Amino acid sequence: MGADGQPATATRCRHCGDPLRGAGPPGYCCDGCAAAAAWIDGSGLGDYYRLRTAPAPRVGAGADWAAWDRDDVQAGWVEAVGGHRRATLAVDGMHCAACAWLVDKALRQLPGVVDVRANVLGARVRVDFLPERTPLSAVVGRIAALGYRPSLPGSPERDARRRRDRRDLLLRLGVAGLGAMQAMMFSEALYLDTTGSMPIATRDGFRWLAALLSAPVVFYAGAPFLRGLWRELGLRSPGMDTLIGSAVLLAWTGSVVETLRGGPQVWFDAAVMFVLFMLTARHLERRAREGASSRLDALAGAGPTLAWRERDGSLAQVPASELAVGDILHVTAGQALPADGVLLDAAAELDESLLTGESRPRRHAAGDAVLAGSGLHEGAARLRVTAVGAATVLSTMMRRVEQAQQSRPALLDRADAVSRWTVVATVLLAGAAAAVWAWIDPAQSFPVALAVLVVTCPCALALAVPTVLARANAVLADRGVLVLGGEALQRLAGIDTIVLDKTGTLTLGRPCLVATTVFGKDHDADGVRGIAAALEAGGSHPLARAFGDAPPIRVDDRRTVPGQGVEGRIDGAHWRLGQAGFAAPGRDDDGSVWLGREGVAVARFVVDDPLREDAIATVAALRRRFDVHLLSGDAPARVAAMAAQLGLPADHARARCTPAGKCAAIADLQRRGHRVLMVGDGLNDAAALAAADVSIAMANGAPLALRQADLVLGGDRLDGVRGLIGTADEARRIVRQNLAWAIGYNALALPVAAMGAMSPGWAALGMAASSLLVSANAWRLGGAR
C-alpha cells in the first residue's frame, strides 16, 4: 500500500510517503518506517493504511524515553485515578481519524494500559495505565515507534481548572435560565390579577411554587454573589457582590415573608431576573478575559518539557528545567526549542510564528541566535544553550504579558473608586427611601427601598472599563499582537507623534547583497564575503543575513558596537564591518557596508533592503493624523532618499543616529509637549523603545527590543501599526460610551425608583439590561471595519 492507501509505488515510502533515497529497506525510506509498518501489519492493524487520508510522520531513530518515568517529569501531568494513573499527551502528527484509531489500538495492546482516549481534533491522547506493569516510557515509546511525536501539553492543571470553572458557570446559567422562566410564569399570573379576583388559595399556591422554583436560582445559581457578599462583609469592604447578593436575598426572603403573612405583593421575579442577567454579564466578561489570555496560553505551551542533551558523546532526554547555559541540544523536525541558543553546524529553518506572527519558516545560518519556543521546520539541528528558564526571551515575554493582564491601569482604578463610593451611596439612598416611604405609605417602604437598591447598583459602572480592556486584548491576540505594557492601549490612544526606525521596520529586514568591491590583491570577493559572514554570525541585526552562511572561520573577541558595526579578531588581526567611519576611516560615508582590517579598507558591500510593500501607504495614512519622524543609523544619502520616497519632510528624517541619538531625539519631542510612539525592531532601538511614551516592536526583531517594547506586532505588514492605533482609539471611545451610559442610567433611574414608580422586578430588569448593554457594547470592539 502507498501513503494514501493505494498500492505502493517504487518512489515513495509506504509508511510516511517520503521519497525513497535508497538507504532503507525496499519500499521504505528508512529502517524506522519499515519497523513501524512491520509492527502495524504484525499486530493486525494493517487497515490503518487503507483508512488513513494522509501519510504518517516519518519514524525517527530509536530513542531512550526513560526520562518520562521520573517523578519530577510526571509531576503536574500524571494524576492518580482509582488504582491506576492517567496521563494526557500531546501527539504531533495525529491528523486524521485513522491516526487516532491506530494510536488507540496500538496502546491498548500494552499489558498495563487500562483505557485510551485519542482525540484527533485536539491532537491529545489520554491514557490510563498501571505503572508497575507498563511505565509511561513504554506508552510514549509505542507512540513514537509509529512515527508520531509525543510531548507533554502545557499547564494541564490550569486547563482542567478552566474547564471546571466554565462548566460550573454554564451550569449555573442553565439553572438560572430554567428556574427564571418557570418562576416568571407564576409571577406573571399574579401580576395579571389586577382586580384581586384570584382566590387566596390559588394566589398562595402560585407564590409558593414561585418560591420553590426560584430557590435553586437564588441559592445555587446565585451562590457566587452570595459568597462574594459574605467575603466582602468579612473584609469590611463592600463591593458589587455586596449589593447584588443583598438585593437578591432581600427580594427572595421578603417575598417569602409576604407569602407567609399574606401580603399584597412578592418579588420572586426580581430575584431570579437579577441573578440570570448578572450571570450572563459575568459570562460575557469571562469570555473576553479568556480571549485575552489565549496568546499567553499559546506562549506557555510553546516550550517543551523535555529536551535531548548531548554529553560525553551520547544523547539523553532530560527535563528542560535541568538545562544549563553551554549545554549542547539536539532538536528534530516538529520539535520546539527548549531554550535560547546559538545554532551549530548547519543552517536550519525555524517556525517562529508563535513569537513573531510570521507564517513562513525563517532560515537561520550556523552561528545565528535562535529562541526558545521556535519549532524546527524540517531536518535536525544542534544548538548551544545561551539562556534557560526564566532568562529566555519566551519567558520574558510571558511574564510581561501576564503582568500587563494583571496590572490595573489608572482608568480602571478610577472607575473602581467611583464604584466603591457608589455602593456606599446606594445603601444610604435605599435606607433614606425606606425611611421616607415609611412615613408616606408604610406598605411601600420595603419595595421602594428594594427597587432603589437594585436599580442603582453600579454593576454596569464596574464592568464599563475591564470588559473593554479584556476584549481589546483578545482582539489584539487574535491579530498576533502581544500587549506587554499594562497601560499601553491607554497611552497609545493619546499619542500625537510617531517615530519610525528604518531597517527592519520600514524595510523587510531581509537585506540582499547587490555588489562587492575588493581593494587590493590579498582577497577575492568570495573571501571577503566569508569574512563578513563570520563577523556577523550570530548577530541580531538584519544585515547579518545579507552575507549568507558563515564559513568555518574562527572569530575571537567578537563585539557588536550599536549604531556602528561589529568587530573581532581573525588570525590575530583586528577586523571591523560596518560604517565607513567605523571600519575604514577616511572613506566616504555613502551608505555602503565597509570591511576593514587594522583600519584599512579591504572591501565595500552595497546592500539593498527593500521597503515593506505597504510602507508608503501606511506612512501616508499615519501622516494625515500624526507627526511622523524617521530615525536611522544609515547614511544621510540613503535616509534622505527613503524620506523622499515616503513623503516625509527633510527635517523629519535623521541619519546616523546612535541609540543615544535616538533617545535624545525622542526626549526633544517630549520636551516640546509631544506624546511619542516609537516603532522599531533592532538592538539599536531598544533604548528608544524604552524612552518613548509607548512603543511597538516588530516581532522578528532583536530579543532586547522585544523585552523593552510595550506591544509586539507580528507579521510582515506595517499597517498593523494603524490597526493597533485604531483598536486603542476604539477601546477608549467604547469605555467613554460605557461610562456615560452607566452614570446616565443611574442618574435617570434613581429618582424614578425613589418616587415609587418602578417595581423591584422592573428595577432588576433595568439594572441587568444596563450591565448586559455595557458588556455587549464592549464586544463590538474589533468588529468589521
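Residues numbered from 1 in each chain as written. Predicted model: local features only at pLDDT ≥ 70, side-chain atom pairs only at ≥ 80, totals over all residues. Heavy atoms only, no water.

**So, the overall build of the protein chain**
Piece 1. Helices and strands together make up the secondary structure of the protein chain, namely 28 helices and 27 strands.
Piece 2. Every one of the 785 residues in the protein chain was classed for burial, and the buried ones make up 51%.
Piece 3. Taking all contacts inside the protein chain whose residues are at least 6 apart in sequence as the whole, residues at least 24 apart take part in 66%.
Piece 4. Surface accessibility of the protein chain: about 33,800 Å² in total, with carbon and sulfur atoms responsible for 57%. (Helix = DSSP H or I, 4+ residues; strand = E, 2+ residues; numbered from the N terminus. Buried < 20%, exposed > 50% of the residue type's maximum accessible area, 1.4 Å probe, protein only. Contact = heavy atoms within 4.5 Å. Areas by Shrake-Rupley, 256 points an atom, 1.4 Å probe, with all protein chains shown as cover.)

**Things to note about the packing of helix H15 (residues 442–455) against helix H28 (residues 760–779)**
Piece 1. In the contact formed by H15 and H28, the axes pass within 8 Å of each other and the chain directions differ by 0°. Classified by the angle between their axes, H15 and H28 sit roughly parallel to one another. In contact with Pro447, Leu450, Ala451, Val454 and Val455 of H15, H28 contributes Pro760, Ala763, Ala764 and Met767.
Piece 2. When the residues that make up the contact of H15 with H28 are grouped by side-chain class, the tally is nine nonpolar, no polar and no charged. (Axes fitted to C-alpha atoms, helices over the stretch in contact; angles between N-to-C directions. Parallel < 35°, antiparallel > 145°, perpendicular 65-115°, else oblique. Nonpolar A, V, L, I, M, F, W, Y, C, P; charged D, E, K, R; others polar.)

**Regarding helix H1 (residues 31–42)**
Piece 1. Look at H1: 16 Å from first C-alpha to last across 12 residues, which is about the 16 Å you get at 1.5 Å a residue.
Piece 2. For H1, the set of buried residues is Gly32, Cys33, Ala34, Ala36, Ala37 and Ile40.
Piece 3. Backbone geometry just after H1 places glycine 44 at a positive phi near 75°. (Expected span 1.5 Å × (residues − 1).)

**Some remarks on the nonpolar core**
Piece 1. Within the largest apolar cluster, 55 residues are counted, with the highest numbers of intra-cluster contacts made by Phe274, Leu279 and Val454.
Piece 2. When residues in this core are grouped by element, the largest group, 10 residues, is from helix H10 (residues 268–292).
Piece 3. Once residues lying within four places of it in the same chain are set aside, the contact partners of valine 454 are Ala247, Phe274, Ala763, Ala764 and Met767.
Piece 4. Leu489, Leu630, Leu677 and Leu724 belong to the second-largest nonpolar core, a separate cluster that totals 45 residues. (Core = buried A, V, L, I, M, F, W, Y, C linked by side-chain atoms within 4.5 Å.)

**With respect to the packing of aromatic side chains**
Piece 1. This structure, assessed with the given rule, holds four aromatic pairs.
Piece 2. Ring geometry for phenylalanine 519 and tryptophan 594: centres 5.8 Å apart, planes at 5°, overall stacked. Remark: tryptophan 594 occurs in strand S21 (residues 593–597) and phenylalanine 519 occurs in the loop between strand S17 (512–518) and helix H20 (525–536); sequence separation between them is 75 residues.
Piece 3. By relative accessible area, which is 26% here, phenylalanine 519 ends up partly exposed.
Piece 4. Residue classification places tryptophan 594 among the buried positions, given a relative accessible area of 4%.
Piece 5. Cluster of aromatic residues (ring-pair linked, three or more members): Phe219, Trp252 and Phe268.
Piece 6. Directly above the aromatic system of tyrosine 220 lies the positively charged group of arginine 172, at a separation of 4.6 Å from the ring centroid.
Piece 7. Against the face of phenylalanine 519 rests arginine 587, its NZ or CZ located 4.5 Å from the ring centre. (Phe/Tyr/Trp six-rings, centres within 6.5 Å; stacked < 30°, edge-to-face > 60°. Lys NZ or Arg CZ within 6 Å of the ring centre and 35° of its normal.)

**Thoughts on the sheet that holds strand S20 (residues 573–578)**
Piece 1. Strand order in this open sheet of six strands is S17-S22-S21-S20-S19-S18, and the pairing throughout is antiparallel. For this open sheet the edge positions go to S17 and strand S18 (556–561), each flanked by a neighbour on one side alone. Geometrically, the sheet is characterised by an average inter-axis angle of 15° between neighbouring strands, direction not taken into account. (Pairing = 2+ DSSP bridges.)

Shape is all these values report; function is a separate question.
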